[in-house]
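Overview (structure and organization)
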Amino acid sequence: MGSTDVEVRRSHRRRRTVSAYRDNGRTIVLIPARFTKAEEQQWVATMVAKLAKGDKRRRPSDTELRARAAELSQRYLGGMAKPSSIRWVTNQNSRWGSCTPAEGTIRISARLKGMPGYVLDYVILHELAHLLAPGHGRQFWSLLTSYPRTERARGYLEGVASAAGLDLTDADQDEEALAPGQAALDVAAVD
């Protein structure tokens, strides 16, 4: 990230704390007004590094996504779900993830990047479970019972969908619109 992407804001009310956040592609660093230029540079470097570390943790690469899926399959599904591929996609505006069990492929919406890890884990597990049980029947949901944060993650996704004016659905009624043998965790627009 270049220095032109960083904005430093000094505050007379801020005494000891430094904080930083992202806003529309810019990094905003908040520091006490009394800081010297050297202290400012030191804290900007520190805070930019902390944000980058957090971004990497919350936004894994496709390779890290594959490793996470393998770990989750082993931990919660006895290693039975083995996707042939799992990757981020940017063209899923009405789904959190989708799976084609016949091919063993899983696609995860890039909209999940930056969401809490337990939410991403739930969506990955949801799609991994479809490799073992297409559809959303009793067998499918029994596969997810071992993941302790299923309900919390579903609630989080419902909150995100609601705030965006969307309605989270797991209904199989949309499956006729999918390719044969494909399953998805959908988000449908509310009219």
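Residues numbered from 1 in each chain as written. Predicted model: local features only at pLDDT ≥ 70, side-chain atom pairs only at ≥ 80, totals over all residues. Heavy atoms only, no water.

1. Thoughts on the nonpolar core
Counting residues in hydrophobic clusters, the biggest one holds 31 residues, and the most contacted among them are I108, L112, I124, L125, L128 and L157. No other element matches helix α3 (residues 117-132), which puts 10 residues into this core. Those residues in contact with I108 that sit more than four places away from it in its chain are L65, I86, R87, W88, V89, Q92, W96, G97, L120, V123, I124 and E127. In terms of nonpolar packing, the next biggest core, distinct from the first, is built from 10 residues, V6, A20, F35 and L51 among them. (Core = buried A, V, L, I, M, F, W, Y, C linked by side-chain atoms within 4.5 Å. Buried < 20%, exposed > 50% of the residue type's maximum accessible area, 1.4 Å probe, protein only. Helix = DSSP H or I, 4+ residues; strand = E, 2+ residues; numbered from the N terminus. Contact = heavy atoms within 4.5 Å.)

2. Considerations on the packing of aromatic side chains
For any pair of aromatic rings, geometry is given as the distance between the ring centres together with the angle between the planes. Inspection of the entire model under this criterion finds 3 aromatic pairs. Between Y118 and Y156, the ring centres sit 6.3 Å apart and the planes meet at 75 degrees, which makes this aromatic pair edge-to-face. Taken together, the residues span a long stretch of sequence, with Y118 in helix α3 and Y156 in helix α5 (residues 150-163) at a distance of 38 residues. In this structure Y118 comes out as buried when scored by relative accessible area, which is 13%. The class for Y156 is partly exposed, based on a relative accessible area of 31%. For the ring pair F140 and W141, a centre distance of 4.9 Å and an interplane angle of 85 degrees mean the geometry is edge-to-face. Its end group placed over the ring of W96, R111 keeps NZ or CZ at 4.4 Å from the ring centre. Residue placement shows R152 over the ring face of Y118; its charged tip is 4.6 Å from the ring centre. (Phe/Tyr/Trp six-rings, centres within 6.5 Å; stacked < 30°, edge-to-face > 60°. Lys NZ or Arg CZ within 6 Å of the ring centre and 35° of its normal.)

Function cannot be inferred from these measures alone, as they are strictly geometric.
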